[in-house]
Amino acid sequence: MIIVTSGHVDHGKTALLKALTGTHTAHLPEEKKRGMTIDLGYAYLPLGEGKKTLGFIDVPGHEKFLSNMLAGLGGVHYAMLIVAADEGIAAQTKEHLAILRQLQFHEIMVVITKADRTNSEQIDTLIRQIKQDYPFLSQAKYFITSAETGQGIEALRDYLQQLPERAETQKPFRYAIDRVFSVKGAGTVVTGTAFAGVVQVEDELFLSTGQKVRVKAIHAQNTPSEQGVAGQRLALNLNVDLDRISIKRGDWLLQTSPPSPTSRISVEILAEMPLNESQPVHIYHAASRTTGKLVLLQDKNVAKNDRTLAEIMLDTPLFLAFGDKLILRSGDAKTLVAGANVLEIHSPKRHKRTEVRLNFLANLAQAKSASQRIALTLQQTAVATSQLMWSEQLNISQLDNALAECGAMRYQDICFNAAYQKEKTQQILTALSTYHEQHNDQLGVSKARLYRMAALNQPENLIYYFIDEMLERGAVQQTRGWIHLPEHKIRFTEQEQAQWQVILAEFEQANGQAIWVRDMAKALGLDENTMRNFMYKAGKLGYLTPVVKDRFFLTENIYAYARLVKEIVKQKGKVSVNEVRDQLNFGRKLTVQLMEYFDRTGFLRRKGNEHILRDDHTFDL
């Protein structure tokens with residue numbers, strides 16, 4: 001467990017931690033030279049064999065070094081505000097107080113230091129003043145201490161020891177790097193704070209830059225260990241050659257392969273000062289810092305202490321997840337602007353202020369669990385499994401449990417709910433109905449074409465799954481590979497079946513050639529309109545296929561020609577009209593009609609004078 005200490009320079013943080021732990025946290029040479037903490041200092045208090053070790057982060061008090069204050073605070077749930085009894089709330093303490101409030105620690109303890117330099121009456125007055133000026137500390141626990149005399153040190157230590165552990169050890173491992181260096185005989189070492197999860201020696205992790213690394217050794221809370229857990233300060237010895245793989249402060253170590261970082265997020269902010277509709281800001285997250293623009297979504301102006309929804313556009317993308325806390329400072333980085341709680345990563349670029357969007361974000365902010373947030377997210381659309389796992393920091397079994405809780409489903413790498421499936425199913429049925437009305441001479445369409453007609457830009461494998469499910473329950477049917485509505489299926493009468501046998505014999509004599517309606521009518525001595533109606537009915541049944549108006553092939557021949565085309569494409573990657581003409585011994589005009597038919601059905605796609613395969617599942621028997 002880690003506890004952050006914060007307060008004005010020279011208010012006694014370092015001396016207090018030394019009294020608590022016996023460790024001097026100003027350990028860097030430059031820090032000792034200056035006599036104050038520049039970067040994060042750490043001290044540790046072992047609570048006995050087999051028990052946990054408390055870690056203390058001594059964050060900088062000087063304004064110049066404030067950016068370091070936020071490094072490593074992920075996964076930290078407790079804080080101590082240090083106030084010197086003889087000086088009270090100093091200027092820098094006020095900003096630290098604001099930042100502590102914005103980081104929403106589970107508990108903030110107020111430690112009055114240097115009690116030996118004043119009297120109890122002044123200390124009581126100081127405590128009343130703090131409670132009055134900072135209502136969020138009115139119920140805080142107060143400790144009166146002196147590092148010089150030892151006053152209150154034991155009581156503070158006893159209280160800290162009984163604080164409950166709140167680390168999220170069940171989530172995937174996520175670790176923010178704030179220092180990188182080489183140790184003679186060991187190699188590359190990184191230090192940082194574990195936001196979540198557990199890491200063990202020999203584990204393979206991913207850098208946020210994408211490279212895979214192995215953990216050779218672990219120091220957890222300054223002690224050699226076989227594992228490190230969330231909420232601990234960890235030093236990890238990695239099998240990384242820094243000359244080949246660059247690692248820097250602000251990088252992450254992750255249990256799973258990282259997604260792309262995000263540059264546009266939706267947040268809920270708590271304003272520390274009046275805000276306008278749009279302003280430049282500095283954004284602090286773990287050990288990372290970047291600039292960007294804060295855009296208010298609900299109002300053009302926000303007063304101090306107001307909560308509101310906003311969007312942040314980041315100049316440098318960050319690895320953010322739901323619930324991550326950000327500190328926003330002004331464009332000149334001198335003033336605290338707001339605290340932000342991440343609601344949505346990869347927020348949309350358009351329609352960001354509609355009532356539906358704002359209600360969605362407001363509901364996200366109020367949701368109490370991952371399953372509730374996932375249910376809200378899946379009201380909008382189907383979402384990639386990896387996206388939900390990252391944004392909620394869940395492993396696959398935890399995601400499946402959350403989906404079950406909210407009545408949603410997962411198919412392969414896509415998550416969706418029943419309403420989404422119902423909507424897409426209806427779109428598929430509508431697309432088929434429209435196609436039948438417009439192309440009553442066609443039996444149906446291929447699965448790939450139906451996808452493009454009904455649900456383009458939706459996950460292809462998921463729409464195919466919906467179509468297969470519809471086929472299984474009979475909502476649609478498939479004849480010779482063509483998908484159609486059940487009512488679109490027709491049959492020959494006995495008389496028509498006899499006539500079909502005569503027509504089939506004519507096609508067999510044509511040796512694979514197409515026949516015009518008028519030529520078939522003339523050959524059989526029948527009325528042309530009667531023949532036309534019959535041959536189009538045979539087309540609906542799948543026996544014949546019109547490649548142009550009134551010119552038909554036997555459908556089985558179309559399938560044979562499609563197989564020939566697939567073979568040519570398999571060998572050459574493409575096919576031309578001349579190649580098909582030479583293989584089939586057709587005239588050029590008929591060959592062009594056949595190839596244009598293949599293009600219309602989505603089987604091929606013309607590219608210049610060549611045709612390439614668009615859907616190799618079309619014309620599969």
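Residues numbered from 1 in each chain as written. Predicted model: local features only at pLDDT ≥ 70, side-chain atom pairs only at ≥ 80, totals over all residues. Heavy atoms only, no water.

Named according to an unreviewed UniProt entry, the protein chain is Selenocysteine-specific elongation factor originating from Rodentibacter heidelbergensis. What UniProt states about the protein chain under its Function (unreviewed entry) heading is, verbatim, "Translation factor necessary for the incorporation of selenocysteine into proteins. It probably replaces EF-Tu for the insertion of selenocysteine directed by the UGA codon. SelB binds GTP and GDP." The UniProt entry for the protein chain carries the following text under Subcellular location (unreviewed entry): "Cytoplasm". (UniProt positions renumbered as here; feature names shortened; annotations may be inferred.)

Val517, Met520 and Ala521 are the residues of helix α14 (residues 517-524) that are buried. Down the axis of α14, the sector holding all buried residues measures 100°, keeping them to one side. Check the buried side of α14 and you find it contacts α13 (494-509), β29 (515-516), α15 (528-540) and β31 (551-554). Where α14 ends, the next residue or the one after it, Gly525, has phi of about 65°, a positive value. (Buried < 20%, exposed > 50% of the residue type's maximum accessible area, 1.4 Å probe, protein only. Helix = DSSP H or I, 4+ residues; strand = E, 2+ residues; numbered from the N terminus. Arc of directions from axis to C-beta. Contact = heavy atoms within 4.5 Å.)

Scanning the model with the defined rule gives 23 aromatic pairs in all. Measuring from ring centre to ring centre gives 5.0 Å for Tyr536 and Phe552, while their planes differ by 70°; the resulting arrangement is edge-to-face. Of the two residues, Tyr536 sits in helix α15 while Phe552 sits in strand β31, which places them 16 residues apart along the sequence. We classify Tyr536 as buried; its relative accessible area is 14%. Its relative accessible area of 0% is what places Phe552 among the buried residues. Note on Phe553 and Tyr561: the rings are 5.6 Å apart at their centroids and 80° apart in plane angle, and the pair reads as edge-to-face. The exposure classification of Phe553 matches that of Tyr561, with both residues buried. Directly above the ring of Trp252 sits Arg174, whose terminal nitrogen or CZ lies 4.7 Å from the centroid. The aromatic ring of Tyr464 is capped on one face by Lys447, whose charged end is 5.4 Å from the ring centroid. (Phe/Tyr/Trp six-rings, centres within 6.5 Å; stacked < 30°, edge-to-face > 60°. Lys NZ or Arg CZ within 6 Å of the ring centre and 35° of its normal.)

Next up on the list: unusual backbone geometry. We note that Gln104 has phi near 55°; this positive angle belongs to a residue other than glycine. Positionally, Gln104 belongs in the loop between α3 (91-102) and β5 (107-113). For Gln104, a relative accessible area of 41% puts it in the partly exposed group. Despite not being glycine, Gln412 has its phi angle at roughly 50°, a positive value. Topologically, Gln412 is positioned in the loop between β25 (409-411) and β26 (414-416). Using a relative accessible area of 48% as the deciding quantity, one classes Gln412 as partly exposed.

Moving on, we get to the sheet that holds strand β33 (residues 604-607). Across the sheet, 3 strands lie side by side as β32-β34-β33; this open sheet has antiparallel pairing. Taken across any chain shown, the strands that pair with only one partner, and hence form the sheet edges, are β32 (575-576) and β33. Bridge analysis of β33 against strand β34 (residues 610-613) gives 4 bridges, and the strand direction is antiparallel. From the neighbouring strand, Lys607 faces β34, where its bridge partner is Glu610. (Pairing = 2+ DSSP bridges.)

Within the fold, Ala287 resides in the loop between β18 (278-285) and β19 (288-296). Residue Ala287 is classed as buried on the basis of its relative accessible area, which comes to 12%. Along the backbone, Ala287 and Gly250 are 37 residues apart, and their C-alpha atoms lie at a distance of 4.7 Å.

The next subject is the pattern of salt bridges. For the structure on display, the rule yields 24 salt bridges. Arg581 is the salt-bridge partner of Asp582, the closest N and O atoms lying 3.3 Å from each other. Arg581 sits in the partly exposed class, given a relative accessible area of 26%. Linked by salt bridges that have partners in common, Arg264, Glu311 and Lys352 make up one network. (Salt bridge = Lys/Arg side-chain N within 4 Å of Asp/Glu carboxyl O.)

Tracing the backbone shows Gln122 in helix α4 (residues 120-133). It is 8.2 Å that separates the C-alpha atoms of Gln122 and Asp86, two residues lying 36 residues apart in sequence.

In spatial order, the strands read β24-β26-β25; together these 3 strands make up an open sheet with antiparallel pairing. Strand pairing shows two members of the sheet lacking a second neighbour, β24 (383-384) and β25, which therefore form its edges. Bridging between β25 and β26 involves 3 bridges; their strand directions are antiparallel. Along β26, the bridge assignment pairs Tyr411 with Ile414. Set on the sheet, helix α12 (residues 460-473) makes contact with β25 and β26; between it and β26 the angle comes to about 55°. (Axes fitted to C-alpha atoms, helices over the stretch in contact; angles between N-to-C directions.)

Among the nonpolar cores identified, the biggest contains 31 residues, and Phe105, Ile112, Ile130 and Leu137 are the most heavily contacted of them. Within the residue set of this core, elements represented by two or more residues are β1 (2-7), β4 (78-84), α3, β5 and α4. Once residues lying within four places of it in the same chain are set aside, the contact partners of Ile112 are Val83, Ala85, Ile123, Leu126, Ile127, Ile130, Phe143, Ile144 and Thr145. Counting residues in hydrophobic clusters, the runner-up holds 30 residues, among them Val267, Ala271, Leu296 and Leu318. (Core = buried A, V, L, I, M, F, W, Y, C linked by side-chain atoms within 4.5 Å.)

Structurally, the position occupied by Gly192 is in strand β8 (residues 187-196). Through-space distance from the C-alpha of Gly192 to that of Tyr175 is 6.6 Å; in sequence the pair is 17 residues apart. Those residues in contact with Gly192 that lie beyond four places of it in its chain are Tyr175, Ala176, Asp178, Gln232, Arg233 and Leu234.

What the domain assignment reports for the protein chain is domain 1 (2-162), domain 2 (174-254), domain 3 (418-484) and domain 4 (492-620). Centre-to-centre, using C-alpha coordinates, domain 2 lies 50 Å away from domain 3. (Domains from an automatic or database assignment.)

Before going further, it helps to examine the packing of helix α10 (residues 418-438) against α12. Two elements in contact, α10 and α12, have axes whose closest approach is 10 Å; the angle formed by their N-to-C orientations is 75°. Comparing the axis directions of α10 and α12 gives the class roughly perpendicular. Between α10, through Tyr420, Gln421, Lys424, Thr425, Ile428 and Leu429, and α12, the contact on the second element is made entirely by Leu462, Ile463, Phe466, Ile467, Glu469, Met470 and Arg473. (Parallel < 35°, antiparallel > 145°, perpendicular 65-115°, else oblique.)

Two elements, strand β16 (residues 262-271) and strand β21 (residues 307-318), share 8 bridges in a ladder whose sense is antiparallel. Across the sheet, the residue bridging to Ile269 is Thr308, located in β21. Note: β19 against β21, 5 bridges, orientation antiparallel. When the bridges of β21 are listed, Lys293 appears paired with Met313.

Now for the side chain of Asp324. Position of Asp324 among the secondary structure elements: in the loop between β21 and β22 (325-330). Under the relative-accessibility criterion, Asp324 is labelled buried at 7%. Side chain to side chain, Asp324 and Arg174 meet in a polar contact 2.5 Å long. Sequence-distant contacts of Asp324, defined by excluding residues within four places in its chain, comprise Arg174, His285, Phe319, Ala340, Asn341 and Val342. (Polar contact = N/O pair within 3.5 Å; in protein donor to acceptor, adjacent residues only side chain to side chain.)

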